[in-house]
Amino acid sequence: MLVLAAAWVAGAFFAALFVTNLAQIVMRQFTGGWTWVGDLNTILFSWMVMLGAAAAYGRNEHIATSFLVERVPDALARPTAYLVRTIELLLGFILIVAGLSVAETRMDLPYVQLGVPTGWTYLAIPVFGALIVFFGLVTRPRTPTVLEQVQPVEPTTRGESLA
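1. Things to note about the environment of Leu4
Right, on to step 1. Turning to its location among the elements, Leu4 is positioned in helix H1 (residues 2-30).
Right, on to step 2. For Leu4 and Arg59, which are 55 residues apart along the polypeptide, the C-alpha to C-alpha distance reads 9.2 Å.

Here's what the structure looks like:
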């Protein structure tokens, strides 16, 4: 459910970016455009990327570190998968700690045109880290099946016939 929510919010931010920039293009012809669009783009883009990446990670569709797990002998696949997951969790924790520090520092620096603190943009980093840690803790690391190790399935065919 949280994965779906993150994906929808990231999609909404993408739509807001698209509509705002499209309106900016039109408004340039009449009023010279809006000066605050650049600030808003920065905020929306940062949150869109971080939430989208977290949603993709939660669905095992991003941060594909499985190449290492797929290339070790079968006996080492599971321990390697858990080692990789531990590294992912560590990275998530680092993003939380460092991101909160940066966001806190930036809360005193406002965007020139919008007037909101730039820390709101940087807050996307610890939120991303928290989602990575949460998704990493609630799901088991994925190890390839025997069939995938023997014959990888192409993402476009998924076993369907091409005829």
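2. What to know about the confidence of the model for the chain
Right, on to step 1. With 85% of its residues at a pLDDT of 70 or more, the chain has an overall mean of 86.
Right, on to step 2. Here residues 157-163 scores under 50 on pLDDT; set against residues more than four positions off or in separate chains, the count is three contacts.

3. With respect to the environment of Ile96
Right, on to step 1. By the element assignment, Ile96 lies in helix H4 (residues 74-106).
Right, on to step 2. Separated by 30 residues in the primary sequence, Ile96 and Pro126 place their C-alpha atoms 3.9 Å from one another.
Right, on to step 3. Not counting residues within four places of it along the chain, the set of residues in contact with Ile96 comprises Pro126, Gly129, Ala130 and Val133.

4. With respect to H1
Right, on to step 1. Taking 1.5 Å per residue, 29 residues should reach 42 Å; H1 reaches 42 Å between its end C-alpha atoms and fits that length.
Right, on to step 2. Within the span of H1, buried status applies to Val3, Ala6, Ala10, Leu17, Thr20 and Gln24.
Right, on to step 3. Where the residues of H1 are buried, they touch helix H2 (37-58) and helix H6 (124-138).
Right, on to step 4. Note on H1: the residue one or two positions beyond its end, Gly32, has a positive phi of about 90°.

5. Quick notes on the side chain of Gln24
Right, on to step 1. Along the chain, Gln24 turns up in helix H1.
Right, on to step 2. Looking at Gln24, the relative accessible area reads 8%, which means it is buried.
Right, on to step 3. Each residue touching Gln24, except ones within four places of it in the same chain, is listed here: Gly33, Trp34 and Val37.

6. Focus: the pattern of salt bridges
Right, on to step 1. Taken as a whole and judged by the stated rule, the model has one salt bridge.
Right, on to step 2. With its nearest N and O atoms 3.1 Å apart, the salt bridge here joins Glu88 to Arg85. Note that Glu88 and Arg85 are positioned in helix H4 at a spacing of three residues, about one turn of the helix.

Calculation criteria
- Residues numbered from 1 in each chain as written.
- Predicted model: local features only at pLDDT ≥ 70, side-chain atom pairs only at ≥ 80, totals over all residues.
- Heavy atoms only, no water.
- Helix = DSSP H or I, 4+ residues; strand = E, 2+ residues; numbered from the N terminus.
- pLDDT = per-residue confidence, 0-100.
- Contact = heavy atoms within 4.5 Å.
- Expected span 1.5 Å × (residues − 1).
- Buried < 20%, exposed > 50% of the residue type's maximum accessible area, 1.4 Å probe, protein only.
- Salt bridge = Lys/Arg side-chain N within 4 Å of Asp/Glu carboxyl O.

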